[in-house]
Amino acid sequence: QVQLVDSGGGLVQAGGSLRLSCAVSGRTDSIYAMGWFRQAPGKEREFVARMRWSGANTDYTYSVKGRFTISRDNDENTVNLQMNSLKPDDTAVYYCAAGESYYFDYWNLRAYKYWGQGTQVTVSS
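Residues numbered from 1 in each chain as written. Predicted model: local features only at pLDDT ≥ 70, side-chain atom pairs only at ≥ 80, totals over all residues. Heavy atoms only, no water.

> Any chance you could explain the sheet that holds strand 8 (residues 78-83) here in plain terms?
Backbone-to-backbone hydrogen bonds pair the strands of a sheet. The strands run either parallel or antiparallel. The sheet built from four strands is open, its strands ordered 1-3-8-7 with antiparallel pairing. Strands with a single pairing partner mark the edges of an open sheet, and in this sheet they are strand 1 (2-7) and strand 7 (68-73). Neighbour-to-neighbour, the strand axes of this sheet turn through a mean angle of 20°, independent of strand direction. Judged from the six bridges that link them, strand 1 and strand 3 (residues 18-26) form a sheet pairing that is antiparallel. Residue Leu-4 lies in a different strand from strand 3, and its bridge partner there is Val-24. (Pairing = 2+ DSSP bridges. Helix = DSSP H or I, 4+ residues; strand = E, 2+ residues; numbered from the N terminus. Axes fitted to C-alpha atoms, helices over the stretch in contact; angles between N-to-C directions.)

> Explain the packing of aromatic side chains to me, please; I cannot follow it from the model alone.
Where two aromatic rings form a pair, the distance of their centres and the angle of their planes describe that pair. Following the criterion strictly, the structure yields eight aromatic pairs and no others. With 6.3 Å between their ring centres and 65° between their planes, Tyr-112 and Trp-115 make a pair best called edge-to-face. Put simply, the rings of Phe-37, Phe-47, Phe-104, Tyr-106, Trp-107, Tyr-112 and Trp-115 touch in pairs and so form one group of aromatic residues. It is Arg-45 that lies over the ring of Tyr-95; its NZ or CZ is 3.6 Å from the centre. The positively charged end of Arg-72 is found above the aromatic ring belonging to Trp-53, 3.7 Å away from the centroid. (Phe/Tyr/Trp six-rings, centres within 6.5 Å; stacked < 30°, edge-to-face > 60°. Lys NZ or Arg CZ within 6 Å of the ring centre and 35° of its normal.)

Geometry only, nothing functional implied.
Rendered as structure tokens:
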């Protein structure tokens, strides 16, 4: 089992920054990849970013490329999402996720087995 705890959300003005963290515990040796997803009110949960647990192969959805960075802090076993130049469209509940197997469609929810509880990000205009 893998446990994930999201944190770092909040209210920020457009153009501002936030850093989300996902504390990872349990059987971390079983993790293949980590991802961040988000869900806005009335919308489906969507892929934001992902990385291999080893730190390789980062990928981002088009709308956040150049603004968001996913990274791993090995010492603290956390996966972070640095979000810069935030826009009102980035408002959503953000979830970290962990997958144990390779999936070519890493942007799909099915590629991830474990989920955090979510953290709210609100960007005001």
